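Close look at the chain arrangement
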Amino acid sequence: MSIAYLAPPESEAELMRRAQQIAGKTFAEVASERQIKAPANLQRNKGWVGNLIELALGAQAGSKAEQDFAPLGIELKTIPINAQGQPLETTFVCVAPLTGNIGVTWQYSHVRQKLAKVLWIPVEGERHIPLAERRIGAPLLWQPSEEEDQQLQADWEELMEMIALGRVEAITARQGEYLQIRPKAANNRALTEAIGPSGERILTLPRGFYLKKRFTAPLLAQHFG
DNA sequence: GCATGATCATTT
DNA sequence: AAATGATCATGC
């Protein structure tokens with residue numbers, strides 16, 4: 001009854017072969033190969049699809065503060081799409097650092113490192129499709145273009161400046177053309193340290209950086225459009 | 001609490 | 001309908 005783990009891919013080519021081999025399969029098929037079962041829905045298993053794809057490709061499941069395929073320098077992201085291939089959800093990137101941001105620049109930011117090279121796995125996400133019957137799409141290995149990098153940098157700098165100036169609680173998800181900041185927490189009692197309006201220590205909800213759909217939609221469309 | 005994996009569900 | 005703000009599970 002234990003999970004059938006797969007050894008990590010030894011090259012980018014091997015990773016891509018694996019990704020192409022699961023393309024077109026249903027979640028149930030891939031889950032069966034890994035000796036696991038699909039839950040009825042994602043309500044209490046929000047990360048289930050992401051974990052399934054990790055297992056199917058041989059990523060280390062679980063918590064590590066590095067890329068999924070660190071030796072290959074590749075981050076794995078599943079992205080739920082509709083029948084037209086458009087994203088159904090924003091994409092979580094990383095937690096937003098609320099303290100200790102003196103002298104931090106875009107070039108060495110966590111956001112930029114995470115997005116340096118991403119293997120996107122589109123997956124059917126429409127809720128009318130039973131979870132087990134949803135299919136995996138064709139993989140896309142992506143690196144940000146100069147233009148995309150600059151788009152993200154502009155949003156990042158605006159948002160990080162607000163955090164540094166003690167205005168984290170004034171940040172709304174409406175800000176940022178392509179990159180936004182929203183809560184990222186277990187619940188509303190989870191608090192973390194931040195800088196307040198007068199430079200004082202405050203406790204606030206942890207926040208995360210997310211890619212808006214208007215960033216990921218064209219990215220997917222260029223490849224599959 | 002923080003980092004991993006995200007989607008849910010209420011509001012607009 | 002779509003986006004924002006809130007939340008769910010798991011392992012340290």
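Residues numbered from 1 in each chain as written. Chains lettered and ligands numbered in written order. Predicted model: local features only at pLDDT ≥ 70, side-chain atom pairs only at ≥ 80, totals over all residues. Heavy atoms only, no water.

As annotated in an unreviewed UniProt entry, chain A carries the name DNA mismatch repair protein MutH and is attributed to Rosenbergiella nectarea. Under the heading Subcellular location (unreviewed entry), UniProt records this for chain A: "Cytoplasm". As recorded by UniProt, the Function (unreviewed entry) comment attached to chain A reads in full: "Sequence-specific endonuclease that cleaves unmethylated GATC sequences. It is involved in DNA mismatch repair." (UniProt positions renumbered as here; feature names shortened; annotations may be inferred.)

Here we come to the pattern of salt bridges. One pass over the full model with this rule turns up seven salt bridges. A salt bridge links R18 to E14; the shortest N-O distance between them is 2.9 Å. With a gap of four residues between them, R18 and E14 both fall in helix α1 (residues 12-22), about one helical turn apart. Look at R18 and you get buried, because its relative accessible area is 13%. Using a relative accessible area of 22% as the deciding quantity, one classes E14 as partly exposed. (Salt bridge = Lys/Arg side-chain N within 4 Å of Asp/Glu carboxyl O. Helix = DSSP H or I, 4+ residues; strand = E, 2+ residues; numbered from the N terminus. Buried < 20%, exposed > 50% of the residue type's maximum accessible area, 1.4 Å probe, protein only.)

Within the largest apolar cluster, 30 residues are counted, with the highest numbers of intra-cluster contacts made by V111, L115, W120, W142, I163, F209 and L211. Taken together, the elements giving at least two residues each to this core come down to β1 (75-81), β2 (91-95), β3 (118-124), β4 (140-142), α5 (146-164), β5 (179-183), β8 (207-211) and α6 (213-224). If you tally residues by element for this core, the top one is α5, at six residues. Ranked by size, the runner-up nonpolar core spans 25 residues in total, among them A19, I36, V123 and I136. (Core = buried A, V, L, I, M, F, W, Y, C linked by side-chain atoms within 4.5 Å.)

The full set close to DNA strand B counts 28 residues, and K64, D68, T78, K184 and Y210 are the nearest of them. Of everything in DNA strand B that lies within 4 Å of the protein, sugar and phosphate atoms constitute 65%. The contact in question runs from a base nitrogen of DNA strand B to an N or O atom on the backbone of G47, over 3.4 Å. With respect to DNA strand B, the side chain of K114 contributes an N or O atom lying 2.8 Å from a phosphate oxygen. When residues of the surface near DNA strand B are traced back to their parent elements, those giving at least two are α3 (48-57), β1 and β2. Grouping the amino acids of the surface near DNA strand B by side-chain chemistry returns eight nonpolar, nine polar and eleven charged. (Near = heavy atom within 4 Å. Polar contact = N/O pair within 3.5 Å; in protein donor to acceptor, adjacent residues only side chain to side chain. Nonpolar A, V, L, I, M, F, W, Y, C, P; charged D, E, K, R; others polar.)

Across its 19 residues, α5 extends 26 Å between first and last C-alpha, which sits within 8% of the 27 Å expected from 1.5 Å per residue. If you check which residues of α5 are buried, you get E148, D149, Q151, L152, D155, W156, L159, M160, M162 and I163. All buried residues of α5 project into a common sector of 160° when viewed along the axis, lining one side. Turned more than 90 degrees away from the buried face of α5, the exposed residues are E146 and E147. Residues of α5 that are buried sit in contact with α4 (110-114), β4, β5, β6 (192-195), β8 and α6. Remark: G166 follows α5 within two positions and exhibits a positive phi of approximately 80°. (Expected span 1.5 Å × (residues − 1). Arc of directions from axis to C-beta. Contact = heavy atoms within 4.5 Å.)

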